[in-house]
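The lines below spell out each chain.
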Amino acid sequence: MLYPLLRPLLFALDPETAHDAAFAGLDAAAACGVARLVAPRVRASPVDVMGLRFPNRVGLAAGLDKNAAHIDGLATFGFGFIECGTVTPRPQPGNPKPRMFRLPEAQALINRLGFNNDGVERFLRNVAGARFASAGGILGLNIGRNFDTPNARAVDDYVTCFRAVYASASYVTVNISSPNTKGLRDLQEDAALGRLLGTLKSEQAKLAQVHGKHTPLVVKISPDLTTADLRRVARSLLAHEVDGVIATNTTIDRAAVAKLPHADEAGGLSGAPLREKATAVIRTLADELRGALPIIGVGGIMSGPDAREKIAAGATLVQIYTGLIYKGPELVAEIADALAPAPAGRP
Ligand SMILES: Cc1cc2nc3c(=O)[nH]c(=O)nc-3n(C[C@H](O)[C@H](O)[C@H](O)COP(=O)(O)O)c2cc1C
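In what follows, the accompanying structure is described. (Residues numbered from 1 in each chain as written. Predicted model: local features only at pLDDT ≥ 70, side-chain atom pairs only at ≥ 80, totals over all residues. Heavy atoms only, no water.)

Concerning the overall build of the chain
Part 1 of the argument: The secondary structure content of the chain amounts to 12 helices and 13 strands.
Part 2 of the argument: What you see for the chain is a C-alpha radius of gyration of 19 Å, in line with the 20 Å of a compact globule of 347 residues.
Part 3 of the argument: Projected onto its principal axes, the C-alpha positions of the chain cover 50 × 50 × 40 Å.
Part 4 of the argument: Relative to all contacts within the chain whose residues are 6 or more apart in sequence, the contacts with residues 24 or more apart total 73%.
Part 5 of the argument: Measuring between centres, the 38 positive side-chain charges of the chain sit 2 Å from its 33 negative side-chain charges. (Helix = DSSP H or I, 4+ residues; strand = E, 2+ residues; numbered from the N terminus. Rg over C-alpha atoms; globule rule 2.2 N^0.38 Å. Contact = heavy atoms within 4.5 Å. Lys, Arg positive; Asp, Glu negative; His and termini not counted. Charge placed at Lys NZ, Arg CZ, Asp CG, Glu CD.)

Topic: the sheet that holds strand S11 (residues 268-271)
Part 1 of the argument: Across the sheet, 3 strands lie side by side as S5-S6-S11; this open sheet has antiparallel pairing. One side of each edge strand has no neighbouring strand; the edge strands of this open sheet are strand S5 (100-103) and S11. Averaged over all neighbouring strand pairs, the angle between strand axes comes to 20°, with direction disregarded.
Part 2 of the argument: Sheet analysis places S5 next to strand S6 (residues 108-111), joined by 4 bridges and oriented antiparallel. Within S6, the position partnered with Arg102 by the bridge is Leu109. (Pairing = 2+ DSSP bridges. Axes fitted to C-alpha atoms, helices over the stretch in contact; angles between N-to-C directions.)

A closer look at the site of the ligand
Part 1 of the argument: In the neighbourhood of the ligand, 25 residues make up the surrounding shell, with Ala62, Thr86, Lys220, Gly300 and Thr322 lying closest.
Part 2 of the argument: Measuring from an oxygen atom of the ligand, one finds a backbone N or O atom of Gly271 at 2.9 Å.
Part 3 of the argument: Listed by contribution, the elements that provide at least two residues to the shell around the ligand are strand S4 (81-87), S6 and S11.
Part 4 of the argument: Considering only residue class, the shell around the ligand consists of 9 nonpolar, 14 polar and 2 charged. (Near = heavy atom within 4 Å. Polar contact = N/O pair within 3.5 Å; in protein donor to acceptor, adjacent residues only side chain to side chain. Nonpolar A, V, L, I, M, F, W, Y, C, P; charged D, E, K, R; others polar.)

Any link to function would need more than the numbers given here.
Put into structure tokens, the structure is as follows:
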């Protein structure tokens, strides 16, 4: 209810300043209990996926809360799950500013943040300080490599982060699809992907013994893979018995926004123009995976019907980022409603 009033104020600021101002307000509102009072009611519609019980199918996509510093505030929006990160082993500043741009005519964003984050140690302290996970909330922790770690040693960065976050996470996402870390997407190539997944799966087996719990391993992929590559990636996920897949990250394709202001900025495009492309990826994945592992659908979900489209294409859960910026927290309840089974007696 408040967001339509707040949005023009936030959009008058540059995107990163607006991001920080919104979080400052949210944290203050959460700390004094106001956020929960004004939060929209989200219908419960639990679903069991990867051995976890999700209270509803709508999650927060990675990248909004990179340092896991705002979990309890975000939880007041009623998300069924929250994904934090991408976190890297060491802190890093990301790319020079400006590095985030709004394309309001297209309900889109372009970002080239480049994994700006405070490093995994700080990240874990923040996770430990949040009430959300200890109160049973589903928390995904998304891991990546530092910008200056070459791909030849990328596996070491992922293993470092995986070990660090394993016990605190409901599931761990391996991000190999950001366009803003040079060479990262090459980790989706056959040999590199096989090496990374093989190592992480054997690490997962060891960590399960140590911690007495299985933390699902999920891979997040790019929308810019060819259909043949997508099918190959899907077969690799099956062969390595990965627990789930998130489709998709942002796109480097600008066809859908050609000639709009900022369309030529380097980085990843998200929001409405990504919707169809991400849905097509989900459809291809679903065809190749045949239900063997769940798909978390993300990319351009700006409404309940957009989320339904992802489920119809083969996703079990969905996530939002850009939709939250343009539509506000009410979108969480709208999507949860659209995806909840109809009450008995109604079609
Ligand atoms: C500003 C921004 C930062 C992002 N940072 C990350 C990130 O750190 N890790 C990641 O896996 N995805 C990141 N993403 C991608 C989103 O999680 C999501 O996959 C993508 O934006 C498509 O969803 P949307 O159209 O709902 O935004 C980022 C997206 C945006 C807009």
